[in-house]
Amino acid sequence: MSFLQSKKVVDEFNKFNDAIVAQARLNLAKGVNASGALSKSLSSSYEPKKNSFRLTFSMEDYGQFIDEGVKGVDSSAKAPNSPFKYKEGIKNKPSHKHFDKWLLRKGVSGTRNSKGQFIPRKSIAYAISYGVWRKGIKQTHFFTDAFEAKMKDFDKTMFKIIGFEVDELLTFAKKNN
């Protein structure tokens, strides 16, 4: 059994993963967790191998768009570094149905404009959908910030638990690969 498979190391990786997931959930709770589905979908796993390991973090597919944002067709101001971008063409606009569900959860059934005319919820959903397509989705970094914050102290904790210095760990890895 390698040191990566030892109980102390496995426990520490599991604590690390749990801390990242917990922090990401807290970050989501600060305002971008509409239905709770994304928060509930966050999970992680640690798979030790003889000379390597795999950390896996999972979430709903749309989670990466919430984390990194999406550039709009007219502007990238909300997510300047995002690898994601809405495409030109109205058929590439996000569906109004998603925003309609969101409006229902928020209790919006309609509103009145400045002239007193009633604007139905479906029209509001279309307008929001169009605006998101044109301007994009703001990056939240709910997961990225959680991961980077926990990563800062993780190496110190791991090296203390394993009992290796950084150089010794690298030497061990080179010998066994």
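What comes next is a walk through the structure. Everything numeric in this text was worked out from a predicted model, so none of it was measured.

Right, let's get into the pairing of strand β1 (residues 43-48). Judged from the 6 bridges that link them, β1 and strand β2 (residues 53-58) form a sheet pairing that is antiparallel. Across the sheet, Y46 pairs through a bridge with L55, a residue of β2.

With a probe scaled to a water molecule rolled over the atoms, the places where space remains empty come into view. Empty space within the largest pocket amounts to approximately 1100 Å³. As for the largest pocket, its lining consists of 29 residues, of which Y62, I66, F99, W102 and I137 are closest to the centre. Counting only elements with at least two residues in the lining of the largest pocket, the list comes to α2 (37-41), α3 (63-68), α4 (96-105), α5 (121-135) and β6 (136-137). The leading source of residues in the lining of the largest pocket is α4, at 5 residues. For the lining of the largest pocket, a count of residues per class yields 16 nonpolar, 8 polar and 5 charged.

This next bit is on unusual backbone geometry. The residue H141 is not glycine, and still its phi comes out positive at about 55°. Here H141 shows up in the loop between β6 and α6 (142-162).

At a minimum axis separation of 8 Å, α4 and α5 run at an interaxial angle of 120°. By the criterion of interaxial angle, the relationship of α4 to α5 is oblique. Crossing handedness for the pair α4 and α5: right-handed. Across from H96, F99, D100, W102, L103 and L104 in α4, the residues of α5 making contact are R121, K122, I124, A125, Y126, I128, S129 and V132. The class makeup of the residues in the contact of α4 with α5 is 9 nonpolar, 2 polar and 3 charged.

With that out of the way, let us pick up the nonpolar core. By size, the foremost hydrophobic cluster in this structure holds 16 residues, and its most contacted members are F13, A24, L42 and F142. At the level of elements, α1 (7-29) and α6 are the ones that each hand at least two residues to this core. A per-element tally of this core places α1 first, with 7 residues. In this structure F142 touches A24, N27, L28, L38, L42, M59, G63, I66 and D67, once residues within four positions along its chain are discounted. If you look at the next biggest cluster of nonpolar residues, it comprises 10 residues, including Y86, L103, A125 and W133.

This next bit is on the pattern of salt bridges. Scanning all chains against the criterion turns up 4 salt bridges. Note that E12 and K15 form a salt bridge whose closest N and O atoms lie 3.8 Å from each other. Of the two residues, E12 and K15 both sit in helix α1, 3 residues apart, roughly one turn of that helix. The class of K15 is exposed, set by a relative accessible area of 53%. With its nearest N and O atoms 2.7 Å apart, the salt bridge here joins D74 to R134. Taken together, the residues D74 in the loop between β3 (70-71) and α4 and R134 in helix α5 connect sequence positions 60 residues apart.

The rules behind each value
- Residues numbered from 1 in each chain as written.
- Predicted model: local features only at pLDDT ≥ 70, side-chain atom pairs only at ≥ 80, totals over all residues.
- Heavy atoms only, no water.
- Pairing = 2+ DSSP bridges.
- Helix = DSSP H or I, 4+ residues; strand = E, 2+ residues; numbered from the N terminus.
- 1 Å grid on protein atoms, 1.4 Å probe; cavity = no way out; pocket = protein on both sides within 12 Å on 5 of 7 lines; lining within 4 Å.
- Points joined across faces, edges and corners; volume = space filled by probe spheres on them.
- Nonpolar A, V, L, I, M, F, W, Y, C, P; charged D, E, K, R; others polar.
- Axes fitted to C-alpha atoms, helices over the stretch in contact; angles between N-to-C directions.
- Parallel < 35°, antiparallel > 145°, perpendicular 65-115°, else oblique.
- Left-handed = near helix turned anticlockwise from the far one by under 90°.
- Contact = heavy atoms within 4.5 Å.
- Core = buried A, V, L, I, M, F, W, Y, C linked by side-chain atoms within 4.5 Å.
- Buried < 20%, exposed > 50% of the residue type's maximum accessible area, 1.4 Å probe, protein only.
- Salt bridge = Lys/Arg side-chain N within 4 Å of Asp/Glu carboxyl O.

These values are about where atoms sit, not about what they do.
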